[in-house]
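Read off the chains here:
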Amino acid sequence: MNQRPSLASTVLSALVLSSPLAAMAGGKDIVPVATPTPAAKDDGWEFLVKPYGWLTGVDGTLAAGGFSTDVDVDPTEVISHLDWAVFLQAEARRGRWGLLFDGFYAEISGGGTPPNGLYSETNFTQTQAMVELALAYRVLDGQAGYVDVFAGARYLNVEIDLQAAISNSGIRQVSENASARVVESIASRAEAAIASRRGEITTAADNKIQSIKDQIIDAIAPKIVHHLRTDNRGIVAEVARAEATAALVAASPDVRGAIAAVVDARVASARASVRGRVDARLAAAEKRLAKAIERELRDRLPQSTNGGIDWIDPFVGVRGQWNMTEKLFLAGRADIGAFGIDSFVTWQVAASLGWQINEAWSTEVGYRIMDQEHTEGEVTYDMNTSGFFVSLGYRF
């Protein structure tokens, strides 16, 4: 079974073999490793200072103190939020050996209104610093250009500060909505429980109402008879007719209907009164619950957080330059690192077109991509930073 090449070897091999620098290997101007370099280069130190500007866009994830956000910002937006930044590269070389330096510091800030309604606005400040040192060895050198391999370490520091203002109206609305849903759920369950026994309850209520109706009718009929007897004492026939009339009245559907209507009205009134009291209690409970939810949200919602992480990643890489003319040249660089030691993996590639102004001064315009991923505690930095850069170098 064939073994798959590692990611590091694939990246580095592809860069060397596919770039114009590989073409120099067959050129007569290339000096192989075994060939000594000119004495002038061996005898003294050569230095390069190169400030540059990097117009970056960022894409990835930032998280700190319970906050997490996906970031996808183009270079123009970064510029609008950039407070200040400084970028610098430098190099010291003697013969085939060199010491490479690259570093930058940038601070951005901004704000906005989150979509969840709980915050009226948020404001953040992020600072990022990077310092890298590498030892380089020149494996190819000549008038057509050069190729270096290097290894070193990169220090990175990211600080995040986030401030958030709570929205009073937003919290109140969220609390009231949550309370209403809770009360509605409780009422629905109560209605379902009552519905399951509705037939039993209705029958019992009807029987009770009928019993009350009968009691009322039974109480009224004797009073009618007594009244007739009192007013018509000694008139037996009248009494008999009165008794018959009372019995007829007691048995009359119209009378029973009237009495039942009165009873029904009173029952309906009682039910409405009970329902009103229940609704009032539910409304009061809903308000109390909303207040409790609002207090809980105010106590638990974070209004500020800050955090920072710093770490060191080792890396290895290759870089080179191809002199197309006496003035015009192409330059490139690639490195890969971390290897799971402090981060999972980091990588960087850059390519540029340069102009040699004179023996001391040069300028370059190019594109650079840096990918970093690191998590420490509650802070996560998983970001791809890329964009065009321009530099001005001074060699002495």
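Residues numbered from 1 in each chain as written. Predicted model: local features only at pLDDT ≥ 70, side-chain atom pairs only at ≥ 80, totals over all residues. Heavy atoms only, no water.

Engineer: Outline the overall build of the protein, listing residues and values.
Structural biologist: Within the protein, the secondary structure is distributed over eight helices and 12 strands. Counting across all 396 residues of the protein, residues that qualify as buried make up 32%. Long-range pairs, those at least 24 residues apart, make up 68% of the contacts in the protein with a sequence separation of at least 6. Surface summary for the protein: the accessible area is close to 23300 Å², and the carbon and sulfur share equals 60%. (Helix = DSSP H or I, 4+ residues; strand = E, 2+ residues; numbered from the N terminus. Buried < 20%, exposed > 50% of the residue type's maximum accessible area, 1.4 Å probe, protein only. Contact = heavy atoms within 4.5 Å. Areas by Shrake-Rupley, 256 points an atom, 1.4 Å probe, with all protein chains shown as cover.)

Engineer: Break down the pattern of salt bridges for me, with residues and values.
Structural biologist: What the rule picks out here adds up to 12 salt bridges. K50 serves as the salt-bridge partner of E364, at 2.9 Å between the closest nitrogen and oxygen. Of the two residues, E364 is situated in strand 11 (residues 361-376) and K50 in strand 2 (residues 46-64); the sequence distance between them amounts to 314 residues. A residue is classified by how much of its surface remains accessible, and E364, at 9% relative accessible area, is buried. The class of K50 is buried, set by a relative accessible area of 12%. The residue R319 makes a salt bridge to D148 at a minimum N-O spacing of 3.0 Å. Here R319 is found in strand 8 (residues 304-323), whereas its partner D148 is found in strand 7 (residues 145-166), with 171 residues between them in sequence. For D148, a relative accessible area of 0% translates into the label buried. Via salt bridges that share partners, E91, R93, R138, D148 and R319 belong to a single interconnected network. (Salt bridge = Lys/Arg side-chain N within 4 Å of Asp/Glu carboxyl O.)

Engineer: Please provide a residue-by-residue account of the confidence of the model for the protein, values included.
Structural biologist: Regions with low pLDDT carry predicted coordinates that are not meant to be interpreted in detail. Of all residues in the protein, 67% have pLDDT values of 70 or greater, and the mean over the chain is 76. Taken together, the stretch residues 1-41 has pLDDT below 50 and engages in 55 contacts with residues farther than four places along the chain or on a different chain. (pLDDT = per-residue confidence, 0-100.)

Engineer: A description of the packing of aromatic side chains should follow, citing residues and the corresponding values.
Structural biologist: One pass over the full model with this rule turns up 12 aromatic pairs. Where F87 meets F104, the ring centres are 5.5 Å apart and the plane angle is 35 degrees; that geometry is what we call tilted. Highlighted residues: F87 in strand 4 (residues 82-94) and F104 in strand 5 (residues 97-112), separated in sequence by 17 residues. Residues Y367 and F388 carry aromatic rings whose centres are separated by 4.9 Å and whose planes lie at 80 degrees to one another, so their mutual orientation is edge-to-face. In this pair, Y367 is assigned in strand 11 and F388 in strand 12 (residues 379-395), connecting sequence segments 21 residues apart. Linked through ring pairs, W45, F47, W361, Y394 and F396 together constitute an aromatic cluster. Across from the ring centre of Y146, 3.8 Å away, lies the NZ or CZ of R138, which sits over that ring. The ring of W54 carries the charged tip of R368 above its face, separated from the ring centre by 4.5 Å. (Phe/Tyr/Trp six-rings, centres within 6.5 Å; stacked < 30°, edge-to-face > 60°. Lys NZ or Arg CZ within 6 Å of the ring centre and 35° of its normal.)

Engineer: Please give an account of the environment of E77 that cites residues and values.
Structural biologist: In this structure, E77 sits in helix 4 (residues 75-81). Spatially, the C-alpha atom of E77 lies 9.5 Å from that of T56, the residues being 21 residues apart in sequence.

Engineer: Any chance you could break down the side chain of Q321 for me, citing the residues and the numbers?
Structural biologist: Along the chain, Q321 falls in strand 8. Among the residues examined, Q321 registers a relative accessible area of 14% and is labelled buried. At 2.8 Å, the side chain of Q321 and the side chain of N323 are in polar contact. (Polar contact = N/O pair within 3.5 Å; in protein donor to acceptor, adjacent residues only side chain to side chain.)

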